[in-house]
Amino acid sequence: MWNPLDAKMYPLLADGDPVWNDARTEITVKIKADAKWNDGTPVTAKDVAATYHAHVDYNSSTGAEMKSYIADVVAQDDSTVVFKLTTDDSGEAVNPVLAERYLPMLYIMQENYLKTVADRNNNDAEAIKMDKMDDLVTSGPYKKYFDNDQNVV
């Protein structure tokens, strides 16, 4: 999470701060073992990678913006995800500050749920973007109770 009051990031689903490699071309994030979806399954690194790839594959505004700066997001294991940054000809990350800024902005979605949405929309990017996702699986104990044009509870 990003706290605008003190301009710092605080881990919520992550187990500690993101860790840069020495070349500042990769960011590694560990997922908390206690992080769960509201269906009881664990939040995993595969969920993080699937979320990023869904944004890129379906050309969301987030995916369109970030694919120039993040080359790939890879689940090393169930709890470790690596953000591999796009590099220039000299091997330097194109925009490491923007890539790091992206971490608290990426709202993680469950990999299995993303597959459900893709299947029911025949992998059509525009249909997926318009899907209301009324059956959304969320992290933590909360589910949507009510929504309209003015409120989401």
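Scroll up for the structure.
Summarised in this report is the structure supplied together with it.

About the criteria used
- Residues numbered from 1 in each chain as written.
- Predicted model: local features only at pLDDT ≥ 70, side-chain atom pairs only at ≥ 80, totals over all residues.
- Heavy atoms only, no water.
- Buried < 20%, exposed > 50% of the residue type's maximum accessible area, 1.4 Å probe, protein only.
- Helix = DSSP H or I, 4+ residues; strand = E, 2+ residues; numbered from the N terminus.
- Pairing = 2+ DSSP bridges.
- Contact = heavy atoms within 4.5 Å.
- Axes fitted to C-alpha atoms, helices over the stretch in contact; angles between N-to-C directions.
- 1 Å grid on protein atoms, 1.4 Å probe; cavity = no way out; pocket = protein on both sides within 12 Å on 5 of 7 lines; lining within 4 Å.
- Points joined across faces, edges and corners; volume = space filled by probe spheres on them.
- Nonpolar A, V, L, I, M, F, W, Y, C, P; charged D, E, K, R; others polar.
- Salt bridge = Lys/Arg side-chain N within 4 Å of Asp/Glu carboxyl O.

### Description of the pairing of strand S4 (residues 26-30)
- Burial of the side chains of S4 is restricted to one face: Ile27 and Val29 are buried, whereas none of Glu26, Thr28 and Lys30 on the reverse face is.
- The sheet contact formed by strand S3 (residues 19-20) and S4 spans two bridges and is antiparallel. Along S4, the bridge assignment pairs Val19 with Thr28.
- Where S3 folds back onto S4 in an antiparallel hairpin, the turn is made up of five residues, including Arg24, whose phi is positive at roughly 55°.

### With respect to the sheet that holds S4
- Pairing is antiparallel in the open sheet, where four strands are placed in the order S3-S4-S6-S5. A single partner strand is all that each edge strand has here, and the edge strands are S3 and strand S5 (70-77).
- Packed on one face of the sheet, helix H1 (residues 45-57) meets S5 and strand S6 (80-85) and runs near 160° to S5.

### Re the layout of surface pockets
- When its volume is computed, the largest pocket comes out at roughly 1,100 Å³.
- Around the largest pocket, the lining is made up of 42 residues, and of these Leu13, Leu106, Tyr107, Ile108 and Met109 lie nearest the centre.
- At the level of elements, H1, S6, helix H4 (111-120) and helix H5 (125-130) are the ones that each hand at least two residues to the lining of the largest pocket.
- Ranked by the residues each element gives to the lining of the largest pocket, the list is headed by H1, at four residues.
- The residue makeup of the lining of the largest pocket, split by class, is 30 nonpolar, eight polar and four charged.
- Quantified by volume, the second largest pocket comes out at close to 410 Å³.
- Around the second largest pocket, the lining comprises 14 residues; the ones closest to its centre are Met133, Leu136, Lys144, Asp147 and Val152.

### So, the pattern of salt bridges
- Across all of its chains, the model carries five salt bridges by this definition.
- Taking the shortest distance from any N to any O, the salt bridge between Lys84 and Glu26 comes out at 3.2 Å. With a gap of 58 residues between them, Lys84 in strand S6 and Glu26 in strand S4 connect regions that are remote in the sequence.
- Close ionic contact of Arg120 with Asp131 constitutes a salt bridge, the shortest N to O distance being 2.8 Å. Remark: Asp131 occurs in the segment after H5 and Arg120 occurs in helix H4; sequence separation between them is 11 residues.
- By relative accessible area, Arg120 is classed as partly exposed at 38%.
- The exposure class assigned to Asp131 is buried, which follows from its relative accessible area of 18%.
- It is possible to trace a salt-bridge network through shared partners that takes in Arg120, Asp131 and Asp135.

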